[in-house]
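For reference, the chains in residue letters:
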Amino acid sequence: MHGHRSRLDFRNASQFEKRKVVAESCYAEYSTLSEIDMRRMGNRRSLRMNIHEYQAKELLQKFGVATTRGRVATTLDEAEQISRELGDIDIVVKAQIHAGGRGKGTFKNGFKGGVHVRKTPEEIREVAAKMLGGILVTHQTGPAGRLVNKVLVAESADIAREIYFAVLLDRATAAPLIVASTEGGVEIEAVAAKSPDKIIREPIDPLGGLQPYQGRKLAKQLGFESSQLKNASKLFEGLYRTFIAFDCSMVEVNPLLVTTKGEVLALDAKFNFDDNALYRHPEVAAMRDIAEEDPREVEASKHGLNYIGLDGDIACLVNGAGLAMATMDIIKFYGGEPANFLDVGGGATEEQVTEAFKILIADKNVKAILVNIFGGIMKCDVIAQGIINAAKSLKLSMPLVVRLEGTNVQRGKQLLKESGLALIAADDLADAAQKVVKAATGK
């Protein structure tokens, strides 16, 4: 289910998760990558744009979704000042990184947990001092951890009950779907596996939107008391309006709280956006935090390249997402490990090819490069010249396997042959994969 992927920060994902997102970005439901669990395939490239928790709350508040009071702080003085403004109440300090499991994480300085509740401004400052500038390691960041540059300082809610609530895009019906459960505060995957009967699904007509009767129906199914039905329905409506207004592929609130006072609040929200619609939402695009992203992916985006870093040692430069997936699959078939997904697109220039090579060789794990081009709109001779220019200007020393086919292929092969470069030519995809795996492994 698409909503299940919301907690993942791509840069720090495992190899399993990264390959899954690569598959999502290509609609490659036929992929043979053994790690991909196709049941959880989501919307195309929907995970490439992430926002922080405090930013998610800002978006929700635009549509009247009730949340706890608080603001983000980047300095100790700011954290202390926000605490004083909130008053004499319990206050939570939460590290802001694009990764889940913050509360159970550990800072490399030895401080335990990225979520703490304190009472006084002095205590808030003390906690913030241990978080800001520290490296937080969680089960999603990997051992390298993530640098904490910001903390959210907000009022702590007295929790009576936790609920899971998400609005997502159901690819099967091409329409919005609400997924909810009384079992909030835990991974929805665990609920689906152990208690599937506790998962509520409510399809939404994209023309009519969320109807009032559906809001009341959901509130009753989720066990809200009669005095809470109105506020719950209002919150559901606000979440749906947020989903539509910002062209989201998912808005997930986990947990959605009922406090001891009977208030209904969205405590923590995760957003996935349709990247193809971000041009309509400059205010959302401005929330992008490139410090939280893989520098290679940031650099690739500057040059119009579709790049996703993986953990292998065979770099791939391919035109077309489907061909890129097939290339990765066949590398694995012959015993290799792809180091990246890189689609240069159908109209790449020589300059883009050169920039692509710069990104590939910047990966210290790479031992060999495979260029696999099927020339349609993209002409093989253009790619060949780009390969030659890049190899010479970068003084490329690692093995380079090239397979060209399609438009102007003979001209492209002739250019490569006359270049004087130590290239390894391949006749077809299988031949290319075997040669690059041998070059990388020496076997």
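Refer to the preceding data block for the structure.
Keep in mind it's a predicted model, so treat the numbers as computed, not measured.

Novice: Can you help me understand the sheet that holds strand β7 (residues 151-155) in this one?
Specialist: For sheets, the rule is that strands pair by backbone hydrogen bonds, running either parallel or antiparallel. Across the sheet, which stays open at both edges, the four strands sit in the order β1-β7-β2-β4 with antiparallel pairing between neighbours. In this open sheet, the two edge strands, each paired with only one partner strand, are β1 (70-73) and β4 (115-118). Strand-to-strand twist in this sheet, taken as the mean axis angle between neighbours without regard to direction, amounts to 20 degrees. Pairing geometry for β1 and β7, over four bridges, is antiparallel. Across the sheet, residue Ala73 finds its bridge partner in β7, namely Val151. Along the sheet, helix α3 (residues 76-86) makes contact with β1, β2 (91-95) and β7, crossing β1 at roughly 170 degrees.

Novice: Teacher, can you tell me more about the side chain of Thr141 here?
Specialist: Position of Thr141 relative to the elements: it lies in the loop between β5 (135-137) and β6 (146-147). Here Thr138 takes part through its backbone nitrogen, which lies 2.9 Å from a polar atom of the side chain of Thr141.

Novice: Help me understand the pattern of salt bridges, please; the structure alone is not making it clear to me.
Specialist: Pairs can form between side chains of opposite charge whenever their charged atoms are close. Tallied over the entire structure, the rule returns 18 salt bridges. Because the salt bridges share partners, they merge into one network encompassing Glu53, Lys94, Arg102, Asp268 and Lys270.

Novice: How should I be thinking about the packing of aromatic side chains in this particular structure?
Specialist: In this description, an aromatic ring pair is defined by two values, namely the gap between the centres and the angle between the planes. Considering all chains together, one arrives at seven aromatic pairs under this definition. A ring pair is formed by Phe107 and Phe111, whose centres lie 6.0 Å apart and whose planes are at 40 degrees; its orientation type is tilted. The buried category is assigned to Phe107, whose relative accessible area is 2%. Connected via pairs of aromatic rings, a cluster forms that spans Phe165, Phe224 and Phe236. The residue whose ring lies beneath Arg161 is Phe224, and the NZ or CZ to ring-centre distance is 5.3 Å.

Scoring rules and cut-offs
Residues numbered from 1 in each chain as written. Predicted model: local features only at pLDDT ≥ 70, side-chain atom pairs only at ≥ 80, totals over all residues. Heavy atoms only, no water. Pairing = 2+ DSSP bridges. Helix = DSSP H or I, 4+ residues; strand = E, 2+ residues; numbered from the N terminus. Axes fitted to C-alpha atoms, helices over the stretch in contact; angles between N-to-C directions. Contact = heavy atoms within 4.5 Å. Polar contact = N/O pair within 3.5 Å; in protein donor to acceptor, adjacent residues only side chain to side chain. Salt bridge = Lys/Arg side-chain N within 4 Å of Asp/Glu carboxyl O. Phe/Tyr/Trp six-rings, centres within 6.5 Å; stacked < 30°, edge-to-face > 60°. Buried < 20%, exposed > 50% of the residue type's maximum accessible area, 1.4 Å probe, protein only. Lys NZ or Arg CZ within 6 Å of the ring centre and 35° of its normal.

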